[in-house]
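# Coordinate analysis (summary)
So the chains spell out like this:
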Amino acid sequence: MGQPVREYLLTLCVTAAVTYLLTGPVRKFAIAVGAMPEIRARDVHREPTPRLGGIAMFGGLSAGLLVADHLDGLNAVFSQSNEPRALLSGAALIWLIGVLDDKFEIDALIKLGGQMIAAGVMVMQGLTILWLPIPGIGSVSLTSWQGTLLTVALVVITINAVNFVDGLDGLAAGMVCIASAAFFMYAYRLWYGYGIEAAAPATLFAAILMGMCLGFLPHNMHPARIFMGDSGSMLIGLVLAAGAISITGQVDPDAMKLNFGGTRDATHAMLPVFIPLLMPLTIIAIPMADLVLAIVRRTWNGQSPFAADRGHLHHRLLEIGHSHSRAVLIMYFWSALIAFGAVAYSVHSASMWIVLLIVALSAVGLVLLLLPRFAPRAPRWAERFVPPRYRRVRTEPETVHSLAREEEDEVRGERAPVAAGVSGVNGATAIGPRSRFPDRRKTGASR
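Bear in mind the structure is a predicted one, so any value in this text is a computation, not a measurement.

## Section: the side chain of Lys 111
Turning to its location among the elements, Lys 111 is positioned in helix 5 (residues 108–124). Of note is the side chain of Lys 111, whose polar atom sits 2.7 Å from the side chain of Asp 230. Ignoring any residue separated from it by four or fewer positions in sequence, one finds Lys 111 in contact with Ile 97, Asp 101, Ile 106 and Asp 230.

## Some remarks on the packing of helix 2 (residues 54–69) against helix 4 (residues 83–104)
Viewed as axis vectors pointing N to C, helix 2 and helix 4 meet at an angle of 170 degrees, and their least axial separation amounts to 11 Å. Of the possible angle classes, the one that applies to helix 2 and helix 4 is roughly antiparallel. Residue-level inspection shows Gly 54, Ile 55, Phe 58, Leu 61, Ser 62 and Leu 65 of helix 2 in contact with helix 4, the latter providing Pro 84, Leu 87, Leu 88, Ala 91, Ala 92, Trp 95 and Val 99. For the contact of helix 2 with helix 4, the residue count by class is eleven nonpolar, two polar and no charged.

## Thoughts on the environment of Ile 354
Inspection of the secondary structure puts Ile 354 in helix 15 (residues 352–370). Given a relative accessible area of 16%, Ile 354 falls into the buried group. Residues Ile 354 and Ala 342, spaced twelve residues apart in sequence, show a C-alpha to C-alpha distance of 9.7 Å. Those residues within four positions of Ile 354 in sequence are excluded, and the remaining contacts are Ala 344, Tyr 345 and His 348.

## Overview of helix 8 (residues 200–220)
Between its first and last C-alpha atoms helix 8 spans 30 Å; for 21 residues at 1.5 Å apiece the expected length is 30 Å, and the two agree. Across the 21 residues of helix 8, 19 count as buried, placing the element largely inside the fold.

## Looking at the pattern of salt bridges
For the coordinates displayed, the defined rule picks out three salt bridges. A salt bridge links Asp 101 to Lys 111, with the nearest nitrogen and oxygen atoms 3.6 Å apart. You can see Asp 101 sitting in helix 4 and its partner Lys 111 sitting in helix 5, a full ten residues away along the chain. Side by side, Asp 101 and Lys 111 carry an identical accessibility label, which is buried. In this structure, Asp 230 engages Lys 111 in a salt bridge whose closest nitrogen and oxygen atoms are separated by 2.7 Å. In this pair, Asp 230 is assigned in helix 9 (residues 229–250) and Lys 111 in helix 5, connecting sequence segments 119 residues apart. Each of the two residues, Asp 230 as well as Lys 111, counts as buried. Taken together, the shared-partner salt bridges connect Asp 101, Lys 111 and Asp 230 into one network.

The rules behind these values
- Residues numbered from 1 in each chain as written.
- Predicted model: local features only at pLDDT ≥ 70, side-chain atom pairs only at ≥ 80, totals over all residues.
- Heavy atoms only, no water.
- Helix = DSSP H or I, 4+ residues; strand = E, 2+ residues; numbered from the N terminus.
- Polar contact = N/O pair within 3.5 Å; in protein donor to acceptor, adjacent residues only side chain to side chain.
- Contact = heavy atoms within 4.5 Å.
- Axes fitted to C-alpha atoms, helices over the stretch in contact; angles between N-to-C directions.
- Parallel < 35°, antiparallel > 145°, perpendicular 65-115°, else oblique.
- Nonpolar A, V, L, I, M, F, W, Y, C, P; charged D, E, K, R; others polar.
- Buried < 20%, exposed > 50% of the residue type's maximum accessible area, 1.4 Å probe, protein only.
- Expected span 1.5 Å × (residues − 1).
- Salt bridge = Lys/Arg side-chain N within 4 Å of Asp/Glu carboxyl O.

The quantities given are spatial measurements derived from coordinates; they are silent on function.
Below is the structure:
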C-alpha cells in the first residue's frame, strides 16, 4: 500500500478541522436544549458549562472515515477489512447513548448495558480478538465466545477508564491524544516497517482519534467553554479500544518472525510476543489506575462502584496544592512517559539508555508532583522584564486571609454551587464571554 504519510496527515487535519468547526454550533445547541447541568459538589469548574461536545467529535470521526475511504493510499483499508464499518456502527450507538445521558442523566447500569451492546455490534461485524500473544507460548487461538467476552470486557473497561479521568478541563482529550499518538507510531511501524497490512486499520483509527481530540481541545482547555460529556468521553474510549483490539487480536505476532529468522532475534528487535499484549494496556495505564483505585475506594466505603466522588487522581492533585493547569500538565506528562516509553522500548529493547531515560524522567515527574507550590520569583530589580506571573505580588493581609479561607473550603468540597449565568473566576460564563453589561446577565438566560 506504499507509505501514505500524507494521506494520514490529511485525514487527521480534516478530522480536527470538522471537529473544531462543529464545536461552536454544538455549544449553542447544547445551551438551547438545556444540556447544561448545575454545579455539583464534586465538580471542579465554577460555572455551569454546556456539554454534548461528543456531537462535534462524532462529526469529526465520520468525516475522517469518509475522507480516508476516498484516498488511494487508505482505500484498501476499507476494501480489505470490515473494521472501519464496525467501528462506525459501534461508535454511533455509544454516541447516541452518551447524548441521551448528557441531556437526561440516564442510569449507570443502562449505560453499562449500552456499552456492552456497542461492543457486541463491533464483534458481529468482525472487530474482535481472534488470538492472544502469550509470553513463552506464542499466539493462542480463542474460541468465538472467548474472543467475544474478551473484546466486550476490553471495550467496557477502556470506555469507563477514559470517562473516569474526564474531570478537568482538557484532561481526557489531551491524555487520549497523547496515547493515540504513541499508538499511531507503534501501529504504523508494524504496518509499514514489517509489511503487516492487518495493522493498517489500527493506524487509521489512531490518526482519526488524534484529530478528534486536537479539534476539540481548543474549546475544552481551561477555562472550558464546553465539555465533551459522556457522548464524547465514551466515544473516544471506544475508538481507543477498537485500535487496541485490532492490534492485539487481529495482527499475528508470529508474522514478524519472518523478518528476523527466529523468535529470539524478533523479540530483541520488536518484542513481538510481549508488546502487542502490553501496548494497549500502557496507553490507558493512568485512566486504568484511576478506575481501579476508584472501585476499591468506593467499595471499601460501602458505596456503589458507579457512585461519583472527589477522590480521582486529578482531584488529589488539586487537593495537595496544584493549580488546575498544572494538574492537567502533570497528568499529560505521566501519560506521555508511559505510552512513548513503551514504544521506545519496543523499538530498542536491548538499549539500557531507554530504561535510564525513563527512570530519569520518572524522577523528574515525582519532583514536580511533590512541589505543588513551587513558583519561581524573579528578583525585584528584574520584575519589569518578566511576565506578571513571575513577579512578587503585594497583597493586603485581609485579602490573604480571604484567599486562604476560599482554598480551605474548596479542598473540603464546601464550595457553594453557582447559578447558571453567574460569572466566576474563569472569565467566561456558560453562554459566552463575560458581558460588559451586568444587567443583561440573568439566571438561566440563553441566546
